[in-house]
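# An overview of the molecular structure
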Amino acid sequence: QVQLVESGGGLVQVGGSLRLSCAASGPTFSSFPMAWFRRAPGKEREFVSAILRSASSANYADSVKGRFTISRDNTKNTVYLQMNSLKPEDTAVYYCAAGTPGWPSARRAGDYNYWGQGTQVTVSS
C-alpha cells in the first residue's frame, strides 16, 4: 500500500514558478513509476508528466514540455514537479499518482493505482 501527500501548491502570477512535492509512505515507493496529473475547473483530468522508477526517463504532456520538470528522490520517497513560466491555463488541482503504466506513454490514469488528495495551483494574470 502506498499513500501519497502533495504539497507546494498556491497562488502565483503569470510567469512565476512553483515546486510541487509528493511524499509517499510505504517501503515500495522506488518500485513504482510516478506521475503528475491535473484537473482544471470544468475539465477532465489530464496527464502532466511521469518518471520511471530509476528516474532514467521522463515523459511530458506537450502543453508543459520545456516549462515543467519532474524528478524524484527515492531516498526521501518523494517526487517533485518544478513548474516554471506558469500560465493561467496551468490553473488546476494537481495530483500525484503511483502505478504500473506502460512506457513511454504512461498517460493513462487507469494504470495508476494510488493517488494523492491533490494540491491547488492558481495562476493569476
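Before reading on, note that the structure itself is shown above.
Values in this document were obtained by computation on a predicted structure and should not be read as measured data.

### Some points on the nonpolar core
Met-34, Trp-36, Leu-81, Met-83 and Tyr-94 are the most contacted members of the largest nonpolar core, which totals 37 residues. Among the elements of the structure, strand 3 (18-25), strand 4 (34-39), strand 5 (46-51), strand 7 (68-73), strand 8 (78-83), strand 9 (92-99) and strand 11 (119-124) are those that each provide at least two residues to this core. Tallying contributions element by element places strand 9 first for this core, with five residues. Apart from the residues lying within four places of it in its own chain, the contact partners of Met-83 are Gly-16, Ser-17, Leu-18, Leu-20, Arg-67, Phe-68, Tyr-94 and Val-121.

### Section: the sheet that holds strand 3
Whenever strands of a sheet pair, they do so through backbone hydrogen bonds, lying parallel or antiparallel. Pairing in this open sheet of four strands is antiparallel, and the strands run 1-3-8-7 from one edge to the other. With one partner strand each, in any of the chains shown, strand 1 (3-7) and strand 7 form the two edges of the open sheet. Strand-to-strand, the axes of this sheet are offset by a mean angle of 15°, without reference to chain direction. Two elements, strand 1 and strand 3, share five bridges in a ladder whose sense is antiparallel. Bridge pairing links Gln-3 to Ser-25 in strand 3.

### Notes on the side chain of Arg-67
Mapped onto the elements, Arg-67 comes out in the loop between strand 6 (58-60) and strand 7. Residues within four places of Arg-67 in sequence aside, it is in contact with Gln-82, Met-83, Asn-84, Ser-85, Leu-86, Lys-87 and Asp-90.

### Here's the deal with the pattern of salt bridges
For the structure on display, the rule yields five salt bridges. Notably, a salt bridge pairs Lys-65 with Asp-62, separated by 3.2 Å at the nearest N-O pair. For Lys-65, a relative accessible area of 49% puts it in the partly exposed group. Given a relative accessible area of 64%, Asp-62 falls into the exposed group. Where Asp-111 meets Arg-108, a salt bridge forms, and the shortest distance between an N and an O atom there is 2.9 Å. Connected through shared salt-bridge partners, Arg-38, Glu-46, Arg-67 and Asp-90 make up one network.

Thresholds applied
Residues numbered from 1 in each chain as written. Predicted model: local features only at pLDDT ≥ 70, side-chain atom pairs only at ≥ 80, totals over all residues. Heavy atoms only, no water. Core = buried A, V, L, I, M, F, W, Y, C linked by side-chain atoms within 4.5 Å. Buried < 20%, exposed > 50% of the residue type's maximum accessible area, 1.4 Å probe, protein only. Helix = DSSP H or I, 4+ residues; strand = E, 2+ residues; numbered from the N terminus. Contact = heavy atoms within 4.5 Å. Pairing = 2+ DSSP bridges. Axes fitted to C-alpha atoms, helices over the stretch in contact; angles between N-to-C directions. Salt bridge = Lys/Arg side-chain N within 4 Å of Asp/Glu carboxyl O.

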